[in-house]
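Inside the fold
As a plain string of letters, each chain reads:
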Amino acid sequence: MLGFLKHPVVVTANINLNVVALTAVGLLSRLWQLSYPGAVVFDEVYYGQYISFYMKRIFFLDGSGPPFGHMLLALGGYLGGFDGNFLWNRIGAENALITQSRLMLLESVLIFFNLLAVLSYLKFSNSQKQRPFSPSWWFWLMLTGVACSCAVGVKYVGVFTYLLVLAVAGVHAWHLIGDRTLSNVCVLGHLLARAAALLVTPAATYVLFFYVHLSLAYRSGPHDQIMSSAFQASLEGGLARITQGQPLEVAYGSQVTLKNVFGKPVPCWLHSHQSTYPVVYESGRGSSHQQQVTCYPFKDVNNWWIVKDPGRHQLVVNNPPKPVRHGDVVQLVHGMTTRFLNTHDVAAPLSPHSQEVSCYVDYNISMPAQNLWRLEIVNRDSDTEVWKTILSEVRLVHVNTSTVLKLSGAHLPDWGFRQLEVVGEKMARAYHESTVWNVEEHRYGKSQEQKEREVELHSPAQMDVSRNLSFVARFLELQWRMLTAKSDGSEHKYSSSPLDWVTLDTSIAYWLHPRTSAQIHLLGNVVIWASAGLATVLYVLLFVWYLLRRRRKICDLPEDSWLRWVLAGALCAGGWAVNYLPFFLMEKTLFLYHYLPALAFQILLLPVVLEHISDHLCRTQLLRSLFSALLVAWYSCACHVFNALRPLTYGDRSLSPSELKALRWKDSWDILIRKQ
Amino acid sequence: MPPVVGGGLAGSELRSRRCGPQTATVVGPDKTADPAARSLKRPAWGSRHFEAAGRWALLALVTLLSFATRFHRLDQPPHVCWDETHFGKMGSYYINRTFFFDVHPPLGKMLIGLAGYLSGYDGTFLFQKPGDKYEHHNYMGMRGFCAFLGSLLVPFAYLTVWELSKSLPAALLTAALLTFDTGCLTLSQYILLDPILMFFIMAAMLSTVKYNSCANRPFSAPWWFWLSLTGINLAGALGVKFVGLFIILQVGWNTISDLWHLFGDLSLSMVTVGKHLAARVLCLIVLPLTLYTATYAVHFTVLNKSGPGDGFFSSAFQSRLSGNNLHNASIPEHLAYGSVITVKNLRMAIGYLHSHRHLYPEGIGARQQQVTTYLHKDYNNLWIIKKHNTNADPLDPSFPVEFVRHGDIIRLEHKETSRNLHSHYHEAPLTRKHYQVTGYGINGTGDSNDFWRIEVVNRKFGNRIKVLRSRIRLIHLVTGCVLGSSGKVLPKWGWEQLEVTCTPYLKETLNSIWNVEDHINPKLPNISLEVLQPSFPEVLLESHMVMIRGNSGLKPKDNEFTSKPWHWPINYQGLRFSGINDTDFRVYLLGNPVVWWLNLLSIALYLLLGSAIAIAVQRGARLPAEVEGLSQVLLRGGGQLLLGWALHYFPFFLMGRILYFHHYFPAMLFSSMLTGILWDTLLRLWAWSLASSSLARGLYVVGNLGLLLGTAYSFYLFHPLAYGMVGPLAQDPQSPMAGLRWLESWDF
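So, how was this worked out
- Residues numbered from 1 in each chain as written.
- Chains lettered and ligands numbered in written order.
- Predicted model: local features only at pLDDT ≥ 70, side-chain atom pairs only at ≥ 80, totals over all residues.
- Heavy atoms only, no water.
- Salt bridge = Lys/Arg side-chain N within 4 Å of Asp/Glu carboxyl O.
- Phe/Tyr/Trp six-rings, centres within 6.5 Å; stacked < 30°, edge-to-face > 60°.
- Helix = DSSP H or I, 4+ residues; strand = E, 2+ residues; numbered from the N terminus.
- Buried < 20%, exposed > 50% of the residue type's maximum accessible area, 1.4 Å probe, protein only.
- Lys NZ or Arg CZ within 6 Å of the ring centre and 35° of its normal.
- Domains from an automatic or database assignment.
- Polar contact = N/O pair within 3.5 Å; in protein donor to acceptor, adjacent residues only side chain to side chain.
- Contact = heavy atoms within 4.5 Å.
- Pairing = 2+ DSSP bridges.
- Buried area = accessible area lost by both parts, 1.4 Å probe.
- Nonpolar A, V, L, I, M, F, W, Y, C, P; charged D, E, K, R; others polar.
- pLDDT = per-residue confidence, 0-100.
- Disulfide = S-S within 2.5 Å.
- Axes fitted to C-alpha atoms, helices over the stretch in contact; angles between N-to-C directions.
- Parallel < 35°, antiparallel > 145°, perpendicular 65-115°, else oblique.
- Left-handed = near helix turned anticlockwise from the far one by under 90°.

**Here's the deal with the pattern of salt bridges**
Using the criterion set out here, one finds 25 salt bridges over all chains in the structure. One connected set of salt bridges, linked through shared partners, spans Lys 299, Glu 440 and Glu 441 of chain A.

**Digging into the packing of aromatic side chains**
Throughout the structure, instances matching the rule amount to 73 aromatic pairs over all chains. Judged by centre distance (5.8 Å) and plane angle (40°), the rings of Trp 529 of chain A and Tyr 595 of chain A are tilted. Placement of the pair is Trp 529 of chain A in helix 16 (residues 526-551) and Tyr 595 of chain A in the loop between helix 17 (559-580) and helix 18 (596-617), with a sequence separation of 66 residues. Residue Trp 529 of chain A shares its accessibility class with Tyr 595 of chain A, and that shared class is buried. Among the aromatic residues, those joined into a ring-pair cluster are Phe 246, Trp 568, Trp 596, Trp 645, Tyr 649, Phe 650, Phe 652, Phe 653, Phe 661, Tyr 664 and Phe 665 of chain B. Across from the ring centre of Phe 219 of chain B, 5.6 Å away, lies the NZ or CZ of Lys 275 of chain B, which sits over that ring.

**A short note on the domain arrangement of chain B**
Under the domain assignment, chain B is made up of domain 1 (194-302) and domain 2 (330-528). Computed over C-alpha atoms only, the centres of domain 1 of chain B and domain 2 of chain B are separated by 50 Å.

**With respect to the side chain of Glu 440 of chain A**
All names here are of chain A. With respect to the helices and strands, Glu 440 occurs in strand 12 (residues 437-444). Among the residues examined, Glu 440 registers a relative accessible area of 1% and is labelled buried. A distance of 3.1 Å separates the side chain of Glu 440 from the side chain of Lys 299, its partner in a polar contact.

**Focus: the environment of Phe 200 of chain B**
Residues and elements named next belong to chain B. Mapping Phe 200 onto the fold places it in helix 10 (residues 194-213). Considered as a pair, Phe 200 and Leu 227 are 27 residues apart in the sequence and their alpha carbons are 14 Å apart. Those residues within four positions of Phe 200 in sequence are excluded, and the remaining contacts are Leu 107, Leu 111, Asn 233, Gly 236, Ala 237 and Val 240.

**Details of the pairing of strand 9 (residues 394-398) of chain A**
Residues and elements named next belong to chain A. For strand 9, a buried count of five out of five residues is recorded, marking the element as mostly surrounded by other parts of the structure. Where burial is concerned, the two faces of strand 9 agree: the one with Val 394, Leu 396 and His 398 and the one with Arg 395 and Val 397 are both buried. Strand direction decides the pairing type here: strand 8 (residues 373-377) and strand 9, joined by five bridges, are antiparallel. The partner of Arg 374 across the bridge, within strand 9, is Val 397.

**A short note on the interface of chain B and chain A**
Listed per partner, the contact involves 36 residues of chain B and 38 residues of chain A. Of the roughly 3000 Å² buried at the junction of chain B and chain A (both faces included), carbon and sulfur atoms supply 52%. At the boundary of chain B with chain A, the tally comes to zero salt bridges. Here chain B is connected to chain A by nine residue pairs in polar contact (both at pLDDT 80 or more). Sorting the residues of the side of chain B that touches chain A by element identifies helix 12 (244-264), helix 13 (270-302) and helix 16 (593-618) of chain B as the ones contributing at least two each. Here the element with the most residues in the side of chain B that touches chain A is helix 12 of chain B; it accounts for five residues. Residue composition of the side of chain B that touches chain A, by class: 15 nonpolar, 10 polar and 11 charged.

**With respect to the confidence of the model for chain A**
All names here are of chain A. A residue-level look at chain A finds 75% of positions with pLDDT of 70 or above and a mean pLDDT of 76. For the stretch residues 33-42, pLDDT sits under 50, and the model shows 30 contacts to residues farther than four places along the chain or on other chains. Here residues 462-466 is a poorly scored stretch, pLDDT under 50, and it has 15 contacts once near neighbours within four places are set aside; other chains count.

**Focus on the state of the cysteines**
Residues and elements named next belong to chain A. The tally for this structure, following the rule as stated, stands at two disulfides over all chains. The disulfide bridge from Cys 268 ends at Cys 295, spanning 2.1 Å between sulfur atoms. Negative torsions about the S-S bond denote left-handed disulfides, and the value of about 95° found for Cys 268 with Cys 295 makes this one right-handed. With Cys 268 in the loop between strand 1 (254-260) and strand 2 (269-276) and Cys 295 in strand 3 (residues 291-296), this residue pair connects regions lying 27 residues apart in the sequence.

**Quick word on the packing of helix 10 of chain B against helix 19 (residues 665-689) of chain B**
Residue and element names in this part refer to chain B. Contact geometry of helix 10 with helix 19 gives a least axis separation of 10 Å together with a crossing angle of 40°. In this view, helix 10 runs oblique relative to helix 19, as classed from their interaxial angle. As for the relative orientation of helix 10 and helix 19, their crossing is right-handed in sense. Contacts between helix 10 and helix 19 involve Leu 197, Met 198, Ile 201, Met 202 and Met 205 on the former and, on the latter, Phe 665, Pro 666, Leu 669, Phe 670 and Met 673. By residue class, the composition of the contact of helix 10 with helix 19 is 10 nonpolar, no polar and no charged.

Printed below as a string of C-alpha cells:
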C-alpha cells in the first residue's frame, strides 16, 4: 500500500532513499507467505487453466481481454518450473490491493502497467522541459507507449488509461504547436516522435502479442467451436485432422457439410432427418408436413448434403470434376434420405414472417417442388469464382421466391428434437452472417447406388492439400470474436454494482480453509478507501474553486504549482474517472476487483491533496503542526485497520466466530462463519 | 396555407431583426463588419436595403417550396403506413381518453391527438396494422399537422445557417439540401413523432443562435424572448422523445461556454454575472422542467380511463383509472392474519403470484403443485395469510384481529387448493442455482419448509403492512432464500406462465419485491383507495421508471437484421414505409443519396480544413483579413453544427436498444447545415485565391448554382421513393427505378 502511496512524491522529488525503503515494504507486504495457501483461489481456476493451455500449446479464447496478461503469467509459471499438468478445476474450498496482487490474477498486472504508463509519461514530460530528443527522453516516451499497449494487452479496460495518456499528450502537443519559439521542423519532429511512440508502437506491440499468442497456441482446444472453419483448419489437430486432404473446389456431385458462419446461439451444421413437420403446430398454424430441415450442433451423418446439377441425374462427380461457380443454380440433396432442399410460401414453425424450409416430399397435392438455389459467394474476388471448401462464404438464394437460407436462432420444440430452426428469409437484400454458410467437410462422391452412398457417407473423409490462414486473417478474426464475444450476464454471489465500490459495500470471499475458518477476502482498508474518496471530492472542489478564481484573475497559486496541481489531477483524478465511470455503462457481471485499477489512481491522488493542503492551505505554523499531527493520527489509524484486517488478507490465521463477527463491520460483507 | 405561414414566420423574423446587425460581433468579437459582406467582392448585391429585401424574398421562396413539396400528395397512400399504426393509435387513445403505455414521453402523441381532434377525427379508427385503409376516417388533419411541422424545418435551417454564416448562398444550399432530401420529405409526410421531434430540435437550435446574436444587448426584450423560447423548445424536444436530451446537451454546452466568457470578463461585476446565471437557470432549467412536468400533468388528466397500459403500472397507480377494478374500490388498509390477498410483483409485466392444480412434470424438481406468476386477474391468484404455527381459522369471530408485522413468520395458503407456498433445495425449473417453489401440504398442513418471513422494504409506514404501498419481501425460513420471479416463460406444462423461484442471492432487485393488491378481510373496516392514490410526483417518477425499463427492454435478437449506426450516414439501407410487392403502392424511406453522400464528404472536408486552420492559427500564422473572417465562421458556426451532428449521432453507438434508420435524421439536419456553411466557405476561399475578380465571381456563382441544381436534379430522379411508386421492383431491369439502385442493399 505504501509503495503506491508515495509515488507522486517520488516522481516530483526524483530520487531519494525513500524509494528503496518503500519498495522494500511494498514487496514485503505482497510476498509475505506468498506460497500460502497451497490451493486454487477464486478466478485462479480460469487463469490457471489458460496457462496450462499455453504450456500444452492449445488454442483458447478468453472474452475478457487480449492474451498478453495470460502470457506473462505463463512465463512466470514456466520460469518457476510449472509443467502444465496440474488440473485447475478445484477451488480449495491496504488489503484489497495486497490480496489481489498476491494471487495469480490479472488486475495487479494491469495496475502495474497503468501506473508505469503514467509514471513514464510524467518522466517524459519532465525531460521534455530539459533535454528533448535525448536518450532518456526517448526512453520514457517509448516506455509510455509500450506500457500502454501492455495495459491494453492485459485487459481491455486498460484502453481507458491509454486514452487518458493520449488525451494529456494531445493537450501537451497542442501547446507545443502554439509554442512560437520552436521552428516548424522542430514541432513536426516532436509530433512525429509522439505519433510513433504513442500510436504506432502500441499498435505494433499489440499485434505482436497476438502473433506470439497464435504461434504459441497452435493446437486445437476447447474453444475451437467459436472460430470459423477456416481458423479451425489452421490449428493442429481438431478440424484440421479431418479437413486435411479434402479437395478444394466444390464440384457437382460433391458431398459436403454446411456450417453456419454466424454460429449463434451455437455453431451448427445444416441437417435433415426422417421426421416431418407436425401437420398442425401448438399455435394452431399448419405446416407442409414435409421433412424437417434444421441446424444441428453436433457432427452427424445426417449433416451431409450432395451438390447436384439440376440438369443431370447422377449424384457423382464427373471426371474431370465440373466446379460450381458464383451465380450457378444448384440443388442440394440430403445424403441419407435423398430428398431435395426446398422452400415454399408456408410460414416457418417459429418465425412466421419467414418461409419454411423442408426436404421435399411429394404428397401428390398441388404443392410443387421448389428446389432450385442460386449460389452467391459473399467473399468472392471475381464473379466467376469457384466455390471453395472452408474458404468460400456462400449464401443460398431460392430461385422461385428470392428468399435466402438462414439460421433463425430459435430452438425447435420436442418434435424437432430441440434442434435449431432454419428458415427462408424474405429480406434477402439485407446482409447478415446468419444467412451465410461455408462448406466444412467435403469429398467427391463416387457411389451411384443409395446403399453404397450411405456407406460412403459414414466413412471419414480423407484425401491432399493443406491450407494455412495468413496471420493477418487469423489476427483479425480472433480480434473480432473477442470483441463480440458476449459474456452471459449471469448473477454471481459476489457480483456487485459500481456504486457499492466507492463505499466498500461489498467483498469477495476468495478462499476458505477446508477445515478451519482461515479465509482470504478481497476487502479494502476502510480508512484508506474513505480518505481516497474524500481526497477526490476535495480535489474537485478545490480545483473548481481555483479555476473560477483564476478566471476572475485572482491567482491563489503560483503558476508552476498550479500547472503541477492540474497535471497531477488530470492524471490521478482523471485516471480514477476513466477507470471507474465506464463500468456504469457495462452490462456484464461486475466484481469489486474491477475497481482496483481506479482505486490505485485514487490513492495516488491522496498524497497530492495532502501535500497541497499542508503547503498552501495551512498558512500558520500552528495549523501546519496541527495538520501533521492529524496526519500521524490518520496514518496510525490506517495501520491499525490494516493490522485488524490482516487475517482476512493473508488467510494465515484461523479466527473464532466471535472475532469474525467483530470484523464484520458492514452487514454487506460476506464473511464466512462456520456453523458449529 | 403557405402564405399564412410565410407571414407568421416573417413576424418572428421581424422581431429578431432588431438585434440582427450586431451579430457579427458575436461571430467574431474583434470584427465590426459583416463577414459575408466583407469577404466576397460582390458589388452586384448593392445596398443593404436591397439585400434585406432579397433575403425576405428568398426566405418566402424557400418556405413556399418546402410546403409545396411536403404537402404534395400528402393523402397518398390512403392507408396506414409503418409506425402510423402506433402513433395514430396513440393519438386515438387521447381522443378516447384511454390509458396506454409507450416508451416515449407523451407530448408528441398528445399533439397528434390534438391535431386529430381539431380536424374532426373521432378516434374510432383502429390503426390495427400497416396497410389498413383509412376509408371515411379523417386522417389528413394528423398528417397535415406533421407535414406542417416538417415543412418548417427548412426555413428554420435556412435562418440558422444565415445567422451563423451571414451568407445567403450557404443558407440557400442548406435549404435546398433539406427540401430535396427524399428522406426528410418522407419522414415529414406521415403520422410520426419524428417531424415533431425535429421541429423542436431545430426550433431550439434556431432560438439559441438568435439569442447568441443578441448577446451584446443582454436583458433586452428580444434577448429574453429568444432565451425563453429556447427553453420552451427544449422542453418540447424532450417531451416528444428522450433523444431530445442531445439538443439539451448542446444548448447546455453552449450556455456554459457563454457563461464562462462572461465570468472571465472582468468589466462585469459579480452581481451582473449572477444575474446572467440566474436568467439562464430560470429560462433553460426551471422553465423547461415546469413545461415538461406540465405535459405529464395533462397526460394523466386526459387519460383517465382504464386501457391497454394498465398492467405496466403498479397497483396503486391503477387505482387512478376509471374502469380498472381498483378504481373507487374500498378495501382494508392493513394486512391481518386471515386476510385473503393477491400478491403482485413489483417489476413491470411479471404479474400476480399464482398456483393451480397442476404438478411440476417428472424430472423437474419435486413433483408438487406448480407456483407461477400470471398477468391476468384470476381466482387462482388468491392466497390466505396465516400464522405459521397454528392452523386455526383466524376469521373465527372469537379471535381478536391481529395485524401482520414486519419480520413475522407467516404461511401463505393458496385459497383454491389449500396448499402452502413452499420451497426446498431442488433446482428451479429454468434458472440455475435458484430453488424451486411449489404448493405443498394438504388443507394447510405442511412442514417447516412452508414458513416465510415477511419483510417490508420501505418501512416509512411503520411495521404494519399496507395494501398497495408496502413493498414486501418473502424470505424462506429454512434456506434463507428470497421469493422472486425470474421473468422467464415456462414451457407448455406451465401454461406459458412465468417462473417463480426462490433466489439465494439476497440482492434487492424488483424481481423479488412484491406488493399486496387485492385484500379481503371482513373483520377489518374498508377504506377508500383514494387515500392510497400516489401523488403526482410519485406518478411522474413511476412512469419514467416504466418508460426507461421499456426502452432498455427493446433488445435486438442475435439472428435478426438490425440497422447499425454506421449504416446511416452512408445511406446503406432504407425502411419500407408501405408496400412490398410490385403491385403495391410503395414508399421507401431513403435519403437522397446525392445529398447524403455530399454531407458525408463535407464532414471529412470540414475536419481537414478546420484542423488545418486551427493549427495555422495556433502556430500564429497571419491570415489575410478575408480568410480570417471566413475561418471564424467555419470554426465557430461550423463547430456548433459539427457538435450538434456528433451529439445526435455518436450516442447511438452506445445504445443497447434496437435501432432504426430514422434515428439518424436529427443528426442529418445538422450535417446538412454544416454542408451549407462548408461549401460556401470553400467556394469563397477558392474565389479569393483567384487573381481576377470577374473570374472569381463567375466561379462562385457557377459553383453555388451547380450545387443547387445538382441537388434539385437528384430530387427529380429519386422523388418516386417519397411520393410513392407502383410497378416492378427496382431489381427488375424493366423497372424505371432500376438504374437508380446504386447500392445492392437498397430494396425499393
